[in-house]
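These are the residues of each chain, in order.
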Amino acid sequence: MSDPQCLFCKIAGGEIPAKVIYQDDDVVSFEDINPQAPVHLLVISRTHIPSLDALDEAQESTVGRVVRIAAELARSRGLAADGYRLVVNCGPGAGQTVYHLHVHLLGGRGFSWPPG
Ligand code: 5GP
Ligand code: ZN
C-alpha cells in the first residue's frame, strides 16, 4: 500500500511536513514546494502507485478519485471559471521526478499550448 522509501508516502503519512490542503481516507493534497503558478497543488492517492506506466485496472477508481478531488479543489479555489490545468508527468522524458503518481493542479494564470 505504501512505500517506506517514498517521499510522497511519507508526506501522506505525516512523516515529512507539507502544507496539506485536503485529506481523506484515500486522497491527500498539499502545496508544491516549488510552485509554478499562483495555485500549485499536488493531489495523490495514499496508495503508492509509482507512475501512470505502473497503473493497473484495479487502481482505476483510485485515480478517478484523485482527479475528481483535484477538480473539486480547483472549483473551491475559484479556478473553474477562468480555467486551470491538471498535469501528470510520466517518466524521465516528461520530467517526472517523484515516483508516486501525482496530479499537479495549476491555476491562477494563463497557460500556453502546446506545453513545453
Ligand atoms: P514531477 O516532476 O514528478 O511531476 O513533480 C514532482 C513535484 O514535487 C515537483 O513539482 C516538486 O516541486 C514537488 N516536490 C518535490 N519534493 C517535494 C517536497 O518535499 N514537498 C513538496 N510539497 N513538494 C515537493
Ligand atoms: Zn509513495
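Located above this text is the structure these notes cover.
Quick look at the structure, then. Everything numeric here is computed off the predicted structure, so don't read it as measured data.

A word on the overall build of the protein
Argument step 1. When helices and strands are counted, the protein shows two helices and five strands.
Argument step 2. Counting from the amino terminus, helix and strand elements in the protein follow one another as α-β-β-β-α-β-β.
Argument step 3. Computed over C-alpha atoms, the radius of gyration of the protein comes to 14 Å, within 12% of the 13 Å expected from 2.2 N^0.38 for 116 residues, which places it in the range of a compact globule.
Argument step 4. In terms of overall dimensions, the protein has C-alpha extents of about 35 × 30 × 25 Å along its principal axes.
Argument step 5. Looking at the 116 residues of the protein, the share that counts as buried comes to 37%.
Argument step 6. Relative to all contacts within the protein whose residues are 6 or more apart in sequence, the contacts with residues 24 or more apart total 55%.
Argument step 7. Carbon together with sulfur atoms contributes 52% to the accessible area of the protein, which is approximately 6,900 Å² in total.
Argument step 8. For the protein, the separation between the mean place of its 9 positive charges and that of its 13 negative charges on side chains is 9 Å.

Observations concerning the coordination of the zinc ion (ligand 2)
Argument step 1. Every protein donor of the zinc ion (ligand 2) is accounted for by Cys 6 (SG), Cys 9 (SG), His 48 (ND1) and His 100 (ND1), and the metal-donor separations fall at 2.0 to 2.3 Å.
Argument step 2. With four donor atoms in place around the zinc ion (ligand 2) and angles of 107 to 116 degrees between them, the coordination shape is tetrahedral.
Argument step 3. The sequence pattern describing where the donors of the zinc ion (ligand 2) fall on their chain is C-x2-C-x38-H-x51-H. Taken together, the residues Cys 9 in helix H1 (residues 7-12) and His 48 in the loop between strand S3 (39-45) and helix H2 (60-76) connect sequence positions 39 residues apart.

Remarks on the nonpolar core
Argument step 1. Judged by nonpolar contacts, Val 27, Val 39, Leu 41, Val 43, Val 66, Ile 69, Ala 70, Leu 73, Ala 74, Leu 79, Val 103 and Leu 105 together constitute the single largest core of 12 residues.
Argument step 2. Broken down by secondary-structure element, the contributors of at least two residues to this core are S3, H2 and strand S5 (102-107).
Argument step 3. No other element matches the five residues that H2 contributes to this core.
Argument step 4. Setting aside anything within four residues of it in sequence, one finds Leu 79 in contact with Val 39, Ala 74, Tyr 84, Leu 105, Gly 107 and Gly 108.
Argument step 5. Residues Phe 8, Cys 9, Phe 30 and Val 98 belong to the second largest nonpolar core, which totals 10 residues.

What about H2?
Since there are 3.6 residues in each turn of an α-helix, residues three or four apart along the chain are aligned in direction.
Argument step 1. For H2, with 17 residues, the first-to-last C-alpha span of 24 Å sits near the 24 Å given by 1.5 Å per residue.
Argument step 2. Within H2, burial applies to Val 63, Val 66, Ile 69, Ala 70, Ala 71, Leu 73 and Ala 74.
Argument step 3. For H2, the secondary structure elements touched by its buried residues are strand S1 (20-23), strand S2 (27-31), S3, strand S4 (84-87) and S5.
Argument step 4. Gly 78 sits one or two positions beyond H2 and adopts a positive phi of about 75 degrees.

Here's the deal with unusual backbone geometry
Argument step 1. Following Trp 113, the chain continues into Pro 114 via a peptide bond in cis, with omega recorded as 0 degrees.
Argument step 2. With respect to the helices and strands, the residue Pro 114 is situated in the segment after S5.

Each value, and the rule that gives it
The residue numbering used here restarts from 1 in each chain and proceeds along that chain's sequence as written. Chain letters start at A and ligand numbers start at 1, both assigned in the order the entries are written. Residue-level local features of this predicted model are given only where pLDDT is at least 70; pairs of side-chain atoms are given and counted only at 80 or more, and the full residue set underlies all totals for whole chains, interfaces and linings. Side-chain descriptors were evaluated using all non-hydrogen atoms of the structure, hydrogens and water having been removed beforehand. By definition, any uninterrupted DSSP run of H or I lasting at least four residues is a helix, any uninterrupted run of E lasting at least two residues is a strand, and each is numbered from the N terminus. In this treatment the radius of gyration is a C-alpha quantity, and the globule benchmark scales as 2.2 Å times the residue count to the 0.38 power. Buried, partly exposed and exposed residues are distinguished by accessible area as a fraction of the type maximum, computed with a 1.4 Å probe on protein chains only: under 20%, between the cut-offs, and over 50%, respectively. Contact criterion: two residues are considered in contact whenever any of their non-hydrogen atoms come within 4.5 Å of each other. Each accessible area is a Shrake-Rupley result for a 1.4 Å probe, and residues are judged covered by the shown protein chains and nothing else. As used throughout, the charge tally considers Lys and Arg to be positive and Asp and Glu to be negative, leaving His and the chain termini uncounted. Charged side chains are reduced to one point each, which is NZ for Lys, CZ for Arg, CG for Asp and CD for Glu. Donor atoms (N, O, S) are those found within 2.8 Å of the metal centre, with the cutoff raised to 3.2 Å for Na, K and Ca; water is not part of the atom list, so apparent gaps in a site can occur. Only two sets of limits are used to name each site, 85 to 135 degrees for every angle of a tetrahedral four-donor site, and over 155 degrees for opposite donors with all other angles from 65 to 115 for a square planar four-donor or octahedral six-donor site, with any other site named irregular. Take the buried residues of types Ala, Val, Leu, Ile, Met, Phe, Trp, Tyr and Cys, join any two whose side-chain atoms come within 4.5 Å, and each joined set is a nonpolar core. In this analysis, the expected span of each helix is defined as 1.5 Å times one less than the number of residues it contains.

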